[in-house]
Amino acid sequence: MIWNRPDLMNRLANLLWGLGLLLILVTGVLMVIRMPFFPVRDVVLAKPLERVQMEDIRAGIAPYIGGNFFTVDLKAIRQGAEQQPWVYRADVRRQGFGSLALDIDEQVPVARWGNEGTRTTSDWLNRDGEVFEVPDNSLGNAGQGLPVLHGPLDTGNELMTRYMRYSSLLEPTGRTIRQLDLSPRLSWSMRLDNGTRVELGRERTLNSADEQVQTFVSLYPQLVGNRPVVPAVVDLRYPAGVAVRYPASPAAASTPSDRKGKS
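Everything numeric here is computed off the predicted structure, so don't read it as measured data.

Listed as buried for helix 3 (residues 74-82) are Ala76, Ile77, Gly80 and Ala81. Relative to the axis of helix 3, the buried residues are bounded by an arc of 135° and lie together on one face. If you follow the buried residues of helix 3, they end up packed against helix 2 (54-61), strand 2 (87-95) and strand 3 (99-106). Capping the start of helix 3 is the job of one residue whose side-chain oxygen sits 3.2 Å from the backbone nitrogen of lysine 75: aspartate 73.

Here is the structure:
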C-alpha cells in the first residue's frame, strides 16, 4: 500500500503542495488584475481621421471603459465605436500599459441612397452597397458629383452592382449615370448626366436589362446625331421597338432603328 511507501508519499505531498501553490498564485493574479489599480488611462487613435469626430467616439465607447486595463471589454468598445457616424470599421487592442489603440476605417460614400434624407441627415452607400447615415453638416464636399441610387429596402448592394455594370456598358457613349432607380414593382430606369432618362422596365430574362442598355448604346449615335437637343426620354420597355421623346416636341418621336415596333 501507498502508506508503506515513503517515497510515494513524499511525491504525493510535493504534488499537492505544488497544486496548492499554483492555485494560490492563479487566484492572486486574478484578484490583482480585477482590482481598480490598473485603469485605462488613454485611448489613442492609430491614424488621423478626416470626418469621424473624436468627441463622438469617446461618447460611444465611454460606457465600456469601466473595469481596468486587463478586463476591459474590447469587443464592446469596438461595437461602440462602429455605431458612430462615418465609422466603417473599428479595431481595438491593448497597447503598452494602461492604453488602448483604436484603429478606425472611415466610410467612403460612393453614391447617395434615395433622393432625400431628413432635415439634418442623409443616407449614402459605401463601396459594399451598405447604407449609412451621416449628419448633413459633416458632409463638406464628400457628396459632390456622386450619383443617386434609389430602390426598396435591402437593395443597395444590387443597385451598386448594376450601377457599376451599366456605367461600364455606357462608356462608348461618353455618358455617365446620375441616377439609377429600382421601383417597388422592380422596374429599372436611369437618368444620364445630359438629362436623358432611360426606361429599362422590368427584367423579362436574366440578362434583359443588360441587353437593353447595350441596345441604347448602339442607338445612341442616331438618337443624338446633329440635333440641337438630346432626348428627354428613351423608352426601351417595348419588346420590339424603342420610343423616344425630345423636349422640343410634345409627341413621341420615332428614330431610325433596326428594331421595329411601337414608337
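Next comes the rest of the account.
Attention shifts here to unusual backbone geometry. Even without a glycine there, the phi angle at aspartate 154 is positive, about 65°. Even without glycine at this site, leucine 186 takes up a positive phi of about 65°. Relative to the helices and strands, leucine 186 is located in the loop between strand 8 (177-182) and strand 9 (188-192).

Residues Leu149, Tyr166, Leu170, Ile177, Leu180, Met190 and Phe216 are the most contacted members of the largest nonpolar core, which totals 30 residues. Leave out the neighbours within four places in its chain, and methionine 190 touches Tyr166, Leu170, Ile177, Gln179, Leu180, Thr196, Arg197, Val198 and Val213. Counting residues in each nonpolar core, the second largest holds 23 residues, with Trp86, Val92, Val134 and Ala142 among its members.

Moving on, we get to the sheet that holds strand 3. Spatially, 3 strands are ordered 1-3-2 in an open sheet, and the strand pairing comes out mixed. Unpaired on one side and paired on the other, strand 1 (42-45) and strand 2 mark the two borders of the sheet. Pairwise comparison of adjacent strand axes, ignoring direction, gives a mean angle of 25° for this sheet. Here strand 2 pairs with strand 3 via 8 bridges, running antiparallel. Along strand 3, the bridge assignment pairs glutamine 95 with serine 99. Seen against the sheet, helix 2 touches strand 1, strand 2 and strand 3 and runs at an angle of roughly 135° to strand 1.

For the rest of this paragraph, the subject is the pairing of strand 9. Along a regular strand, successive side chains alternate from one face of the sheet to the other. Taken across its 5 residues, strand 9 has 4 buried, putting it largely inside the fold. Across 5 bridges, the pairing between strand 8 and strand 9 is antiparallel. Across the sheet, residue glutamine 179 finds its bridge partner in strand 9, namely arginine 191. The antiparallel hairpin formed by strand 8 and strand 9 contains 5 residues in its connecting segment, where leucine 186 sits at a positive phi of about 65°. Inspection of the sheet shows strand 9 paired to strand 10 (residues 197-201) by 4 bridges, in the antiparallel sense. Note on strand 10: the bridge partner recorded for arginine 191 is arginine 197. Linking strand 9 back to strand 10 in an antiparallel pair, the connection comprises 4 residues, with glycine 195 at a positive phi of about 95°.

Moving on to the pattern of salt bridges. A side chain with one charge can pair with a side chain of the opposite charge if their charged atoms come near. Under the criterion given, the structure shown has 10 salt bridges. Among the salt bridges present, the one from lysine 47 reaches aspartate 105, with a minimum N-O distance of 3.1 Å. Placement of lysine 47 in the loop between strand 1 and helix 2 and of aspartate 105 in strand 3 is noted, with a sequence separation of 58 residues between them. Put simply, aspartate 210 and arginine 165 hold a salt bridge, and the shortest N to O gap is 2.9 Å. Taken together, the residues span a long stretch of sequence, with aspartate 210 in helix 5 (residues 208-224) and arginine 165 in helix 4 (residues 156-169) at a distance of 45 residues. One continuous salt-bridge network, built from bridges that share partners, spans Lys47, Asp103 and Asp105.

A few words on the environment of arginine 112. Note that arginine 112 resides in strand 4 (residues 111-113). When the C-alpha atoms of arginine 112 and glutamine 144 are compared, they prove to be 9.9 Å apart, with 32 residues separating the residues in sequence.

On to the sheet that holds strand 4, then. In spatial order, the strands read 6-5-4-7-8-9-10-11-12; together these 9 strands make up an open sheet with mixed pairing. At either end of the open sheet lies a strand with only one pairing partner, and these are strand 6 (131-135) and strand 12 (243-245). Each neighbouring strand pair of the sheet contributes to a mean axis angle of 25°, computed without reference to strand direction. Where strand 10 meets strand 11 (residues 233-235), 3 bridges bridge the pair, whose relative direction is parallel. Residue glutamate 199 lies in a different strand from strand 11, and its bridge partner there is aspartate 235. Where helix 4 meets the sheet, its contacts fall on strand 4, strand 5 (121-125), strand 7 (148-150), strand 8, strand 9 and strand 10, and the angle it forms with strand 8 comes to roughly 135°. Packed on one face of the sheet, helix 5 meets strand 9, strand 10, strand 11 and strand 12 and runs near 145° to strand 10.

Conventions adopted
- For every chain, the first residue of the written sequence is number 1, and numbering continues from 1 along that sequence.
- Local features are withheld for residues below a pLDDT of 70 in this predicted model, meaning they are given only at 70 or higher, and side-chain atom pairs are given and counted only at 80 or more; totals for whole chains, interfaces and linings count all residues.
- With hydrogens and water set aside, each side-chain value is computed from the structure's full complement of heavy atoms.
- Think of it in three bands: with a 1.4 Å probe and only protein chains considered, a residue is buried below 20% of the maximum accessible area for its type, exposed above 50%, and partly exposed in between.
- The secondary structure listing takes helices from DSSP runs of H or I that are at least 4 residues long and strands from runs of E that are at least 2 residues long, numbered from the N terminus.
- Throughout, the arc means the angular range of directions from the helix axis out to the C-beta atoms.
- Pairs of residues are marked as contacts when any of their non-hydrogen atoms sit within 4.5 Å.
- In protein, a polar contact means a hydrogen-donor-capable atom and an acceptor-capable atom, both N or O and within 3.5 Å, with residues adjacent in sequence counting only if both atoms are side-chain atoms; elsewhere, any N or O pair within 3.5 Å suffices.
- Here, nonpolar core refers to any group of buried Ala, Val, Leu, Ile, Met, Phe, Trp, Tyr and Cys residues whose side-chain atoms link them within 4.5 Å.
- The criterion for strand pairing is that DSSP finds at least two bridges linking the strands in question.
- Axis definition: a line fitted to C-alpha atoms, limited for helices to the stretch in contact. Angles are taken between N-to-C directions and run from 0 to 180 degrees.
- A pairing counts as a salt bridge when a side-chain nitrogen of Lys or Arg comes within 4 Å of a carboxyl oxygen of Asp or Glu.

These values are about where atoms sit, not about what they do.
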